[in-house]
Amino acid sequence: MQIKVDANAATDLQADIKVFGVFQTVEKKGKVTERYYDESSIKDSYVRKELKNIALASTFDASLGSLFSFNCSQGGTYLLMGLGEKKNLTREQLRRNIAKLLSYKNKVTSLAVDASSFFLGNTEDSIVAMYEGLMLANYDFQKYKSNPKTPKLKTITLSVPKKNHALFAQIQKKTTILAQSVNFSRDLVNEVPNVLHSEKYAQIIAEDARKNLKGVKVKILNKAQVKAEKMNLFLSVNAGSAYEPRFVHLSYTPSKAAKKAKHIALVGKGITFDTGGYSLKPAANMTSMKYDMAGSATVYAAFRTAVLNKCPHKLTCLMAITDNAVNENATVPDAVVTSRRGKTVEILNTDAEGRLILADALDYACDLKPDVILDAATLTGAVLVALGDEVCGIMSNNDKLVKDLLTSAKESDEYLWQLPLIDEYRDAIKSKVADLKNIGKPMKAGTAIGGVFLEEFIKDGIAWAHFDIAGVAHDQAHLPYCPSQGASGLMVRTMVNYIFNE
Ligand code: BES
Ligand code: MG
Ligand code: ZN
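Notes on the structure follow.

About the thresholds
- Residues numbered from 1 in each chain as written.
- Chains lettered and ligands numbered in written order.
- Predicted model: local features only at pLDDT ≥ 70, side-chain atom pairs only at ≥ 80, totals over all residues.
- Heavy atoms only, no water.
- Pairing = 2+ DSSP bridges.
- Helix = DSSP H or I, 4+ residues; strand = E, 2+ residues; numbered from the N terminus.
- Axes fitted to C-alpha atoms, helices over the stretch in contact; angles between N-to-C directions.
- Contact = heavy atoms within 4.5 Å.
- Near = heavy atom within 4 Å.
- Polar contact = N/O pair within 3.5 Å; in protein donor to acceptor, adjacent residues only side chain to side chain.
- Areas by Shrake-Rupley, 256 points an atom, 1.4 Å probe, with all protein chains shown as cover.
- Nonpolar A, V, L, I, M, F, W, Y, C, P; charged D, E, K, R; others polar.
- Donors = N, O, S within 2.8 Å, 3.2 Å for Na, K, Ca; no water.
- Buried < 20%, exposed > 50% of the residue type's maximum accessible area, 1.4 Å probe, protein only.
- Disulfide = S-S within 2.5 Å.
- Patch = residues over 30% accessible without salt bridge, like charges linked within 9 Å, V, L, I, M, F, W, Y side chains within 5 Å.
- Salt bridge = Lys/Arg side-chain N within 4 Å of Asp/Glu carboxyl O.
- Core = buried A, V, L, I, M, F, W, Y, C linked by side-chain atoms within 4.5 Å.
- Tetrahedral: all angles 85-135°; square planar, octahedral: opposite > 155°, others 65-115°.
- Parallel < 35°, antiparallel > 145°, perpendicular 65-115°, else oblique.
- Left-handed = near helix turned anticlockwise from the far one by under 90°.
- Expected span 1.5 Å × (residues − 1).

Here we take up the sheet that holds strand 9 (residues 246–252). Spatially, 8 strands are ordered 8-9-11-10-14-18-15-16 in an open sheet, and the strand pairing comes out mixed. For this open sheet the edge positions go to strand 8 (217–221) and strand 16 (416–418), each flanked by a neighbour on one side alone. Between one strand and the next, the sheet's axes are offset by a mean angle of 20 degrees, whatever the strand orientation. Bridge count for strand 15 (residues 392–396) against strand 16 is 3 bridges, and the pairing is parallel. Following the sheet pairing, Ile394 is matched in strand 16 by Gln418. Along the sheet, helix 14 (residues 446–455) makes contact with strand 14 (372–377), strand 15 and strand 18 (463–468), crossing strand 18 at roughly 145 degrees.

Attention now goes to the site of ligand 1. Inspection of the region around ligand 1 gives 15 residues, with Lys281, Asp292, Asp351, Glu353 and Gly381 positioned closest. Lys281 places a side-chain nitrogen or oxygen 2.8 Å from an oxygen atom of ligand 1. Between ligand 1 and Asp292 there is a distance of 2.8 Å, counted from a nitrogen atom to a side-chain nitrogen or oxygen. Protein contacts shield 76% of the accessible area of ligand 1, which totals 520 Å² for the unbound molecule. Looking at the shell around ligand 1 residue by residue, the classes come out as 4 nonpolar, 4 polar and 7 charged.

The coordination sphere of the magnesium ion (ligand 2) contains the protein donors Asp274 (OD), Asp351 (O), Asp351 (OD) and Glu353 (OE), at a distance range of 2.0 to 2.2 Å. Here the donor residues for the magnesium ion (ligand 2) map to a single chain with the spacing D-x76-D-x1-E. Separating the magnesium ion (ligand 2) from the zinc ion (ligand 3) is a gap of 3.2 Å, bridged by Asp274, which donates to each. On the basis of relative accessibility, which here comes to 0%, the residue Glu353 falls in the buried class.

With that settled, consider the state of the cysteines. By the definition in use, this model includes 0 disulfides. Left without a disulfide partner, Cys392 is nearest to the cysteine sulfur of Cys482, which lies 13 Å away.

The next thing to look at is the sheet that holds strand 12 (residues 335–338). Within a sheet, neighbouring strands are paired by backbone hydrogen bonds and run either parallel or antiparallel to one another. Taken together, 3 strands build an open sheet; the order of strands is 12-13-17 and the sheet is mixed. Each end of this open sheet is capped by a strand with a single partner; those strands are strand 12 and strand 17 (436–437).

This part takes up a nonpolar patch on the surface. Taken together, the side chains of Tyr278, Leu280, Val326 and Val332 make up a nonpolar region of the molecular surface, amounting to roughly 350 Å² of accessible area. Residue position: Leu280 is located in the loop between strand 10 (263–274) and helix 8 (283–286).

Another aspect to go through is the environment of Ala448. On the secondary structure map, Ala448 appears in helix 14. Ala448 sits in the buried class, given a relative accessible area of 4%. Each C-alpha atom of the pair Ala448 and Lys260 lies 32 Å from the other, and the pair is 188 residues apart in sequence. Not counting residues within four places of it along the chain, the set of residues in contact with Ala448 comprises Met395, Pro420, Leu421 and Tyr425.

Another point: the nonpolar core. Core analysis: the biggest nonpolar cluster contains 97 residues, and Leu158, Leu250, Tyr300, Phe303 and Phe467 have the highest contact counts within it. No other element matches the 9 residues that helix 9 (residues 294–308) contributes to this core. Discounting residues that sit within four places of it in the chain, Leu158 has contacts with Ile3, Lys4, Val5, Asp6, Val113, Ala115, Tyr131, Leu134 and Phe168.

Examined bridge by bridge, strand 2 (residues 17–29) and strand 5 (residues 77–85) share 7 bridges and lie parallel to one another. Across the sheet, Ile17 pairs through a bridge with Thr77, a residue of strand 5.

We now examine the coordination of the zinc ion (ligand 3). Looking at the zinc ion (ligand 3), the protein donor atoms are Lys269 (NZ), Asp274 (OD), Asp292 (OD) and Glu353 (OE), and they sit 2.0 to 2.4 Å from it. If you look at the zinc ion (ligand 3), its 6 donor atoms make angles of 77 to 173 degrees with each other, and the shape they trace is octahedral. Going along the chain, you hit the donors of the zinc ion (ligand 3) in the pattern K-x4-D-x17-D-x60-E. Owing to a relative accessible area of 3%, Asp274 belongs among the buried residues under this scheme.

Following both chains from N to C, one finds helix 9 and helix 15 (residues 492–501) inclined at 40 degrees, their axes separated by 9 Å at the closest point. Between helix 9 and helix 15, the angle is such that the two are oblique. When the axes of helix 9 and helix 15 are compared, the crossing they make is right-handed. The segment helix 9 lies against helix 15, with Thr298, Val299, Ala301, Ala302, Thr305 and Ala306 engaging Val492, Met495, Val496, Ile499 and Phe500. Of the residues belonging to the contact of helix 9 with helix 15, the class tally is 9 nonpolar, 2 polar and no charged.

Turning next to helix 3 (residues 123–137). For helix 3, which comprises 15 residues, the first-to-last C-alpha distance of 21 Å matches the rise-based estimate of 21 Å (1.5 Å per residue) to within 8%. In terms of residue burial, helix 3 counts as a mostly covered element, since 11 of its 15 residues are buried. Regarding helix 3, the residues found buried are Ser126, Ile127, Ala129, Met130, Tyr131, Glu132, Gly133, Leu134, Met135, Leu136 and Ala137. Backbone nitrogen of Glu124 and a side-chain oxygen of the N-cap are separated by 3.0 Å at the start of helix 3; the cap is Asn122.

What follows is the structure, encoded as structure tokens:
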């Protein structure tokens, strides 16, 4: 599907359906408050007249999400999308509602959209929301279907006054990079675990980075190199695997670094499949564990977007990749392993493996002396208990960083909520036999326990934040711009926004 911009009125464009946004008005008639569509919000006199002539029109009140379509007497099919009262429409509601146009993708070949009829108060915000909504919704994973559906929809033409074309072009360019990166990561997250093992995953990332990210240095550590780095926690998770671990290290230095340029390191959990290891997951909990590499795909998508949109900061992207499997070499519970950092860890539950691979990855990140480290991981089922599958958990050692990230999330319309890291939780991961143990007490602050464990591997003075994306990484059926099943691609926008806000 292609998105074009055209200066002609939507009514004059050739398209299977012509789409207009319509706002709602509230009129007081006697004592009863009634809601009607706001005639004046339909700028096109032709559509306005036509709608008036249709007796049924009175059933259309333009409430948010309502749809009304009609065939025009002069020919052409029109779709009116209700947007509620203009003063109440949010950017996110616009993003979600415009995304619903993709539900026509197997029905028609072309849509013409009167773009300005959808505008909120802020034009730029409106355009960003519209492009994001359309482009992020334009995704489907059909690789394993014998008869994949080729979408019928080929073009969406946005009718836009000439004066806005430059702004549209600029936003389209940026959003295309974002959407391509998100969709690339969605493909990886959705890929099945019998195909996407660690070696293959790292190879795909290396190929994409070499091909598309000019100037980015690509380093992939194999098992021997991971051993040489003393990443023993990472190796302990890989011990039961049929595949080698891979540690992806990508570095980007901007061509003209600004004076106040920062070094931001992004670190991701890349468990291509999580069986739990010897602490085996019950069958019902094991399905969907192919998504357990979503953290690494998220940070890669953010890195890719930032690099291609010419980020002014130095960036590092690190991905610790392995599966968590069981064979005769697999790590047994009660094992004690010395981390790269030197701290010893009693592994009481091999299913708490994400924090083990991230511990070594975060320690490696600290050696690069970044100003900021952001990690993303499907770390705990507990985050679903705390925040549901709509809200991402954030934990950090730095209040300013959290504040900035929460602002970036708000600006991106993604839900992010902070969980506390407190001394009581820090005490809960002290081990009797080693420095640390990898779990706390059952049913007690599981997500933040993961957070304090990771914090142990951050060197003093480095601002760090941990995104627990286990709830939001997949199956976002409530978001029309995410597939109802499968990888969501959420939190990429927040991360990218943060990087560019810095
Ligand atoms: N990958 C899981 C977390 C997860 C659970 C993600 C459900 C998505 C949905 C992680 O490796 C894990 O197994 N965590 C354990 C930790 C526990 C043993 C302390 C969990 O959440 O049960
Ligand atoms: Mg696990
Ligand atoms: Zn896991």
